[in-house]
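Architecture at a glance
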Amino acid sequence: QSKRYELSNYNTRGILFRFIYEGGDNIRQGISYRAELKPAANNNSNVPATVNLVISAVFGTGGDNLEGGGSNNINLIIRFKNAARPVSVTNLNRSAKWENNTVKTINNKEIPGTAGYDINDIEKVELRHTGGGGMFADNWNMDKFKLTITKGGQTRVLVDEVGSPIHRFTGDARKKEFLVE
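The following refers to the structure shown. Keep in mind it's a predicted model, so treat the numbers as computed, not measured.

Description of the pattern of salt bridges
Inspection of the entire model under this criterion finds six salt bridges. Between Glu-126 and Arg-79 there is a salt bridge whose closest N-O contact spans 3.8 Å. Of this pair, Glu-126 sits in strand S8 (residues 122-129) while Arg-79 sits in strand S5 (residues 74-80), and the two are 47 residues apart along the sequence. With a relative accessible area of 25%, Arg-79 lands in the partly exposed category. Through salt bridges with shared partners, a single ionic network connects Glu-67, Lys-97 and Glu-99.

Thoughts on the pairing of S8
Within a regular strand, side chains alternate between the sheet's two faces. Within S8, six of the eight residues are buried, which leaves the element mostly enclosed by the surrounding structure. Two elements, S5 and S8, share seven bridges in a ladder whose sense is antiparallel. Note that in S8 the partner of Arg-79 across the bridge is Lys-124. Direction of pairing for S8 relative to strand S11 (residues 175-179): antiparallel, over a ladder of five bridges. Residue Val-125 lies in a different strand from S11, and its bridge partner there is Phe-178.

What counts, and at which threshold
Residues numbered from 1 in each chain as written. Predicted model: local features only at pLDDT ≥ 70, side-chain atom pairs only at ≥ 80, totals over all residues. Heavy atoms only, no water. Salt bridge = Lys/Arg side-chain N within 4 Å of Asp/Glu carboxyl O. Helix = DSSP H or I, 4+ residues; strand = E, 2+ residues; numbered from the N terminus. Buried < 20%, exposed > 50% of the residue type's maximum accessible area, 1.4 Å probe, protein only. Pairing = 2+ DSSP bridges.

On their own, these measurements won't tell you what the molecule is for.
Shown next as structure tokens:
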């Protein structure tokens, strides 16, 4: 007796399998099974796919402050190797002014909508200063940057740099990229 299994239908809302059994007398019996697609799981099977990414960051301001306010803030963009779009976190300083020669810490900031992302697939991170250009543009000296990301108990340090400055954000240089290894 021969057995034949046949995939009848596939769509993006779910997967429909129709298994066909063909016996020796050409008897056809079918059974259908439907499975819903789940969000992309990460490569670490110990981390649930429903847990969002959480970041912690330490920023050191050097000899030129970050003004803060409505238009002089810091955004973070996290780029993944196999993702079509990056993850963005806006206004990390929450519009606050960061004075010269100070250290500011952001602890355990959850990033909504990131359950399907794997922290081991991060390619690079980018900081963007939202200030404009021109003669009265805000400049900022960043002397320290440490970024840690956590998902479901797994933690990874993405960036840990110190310099004088690591980067001077000006009207001509509003972003700084960090490759993640």
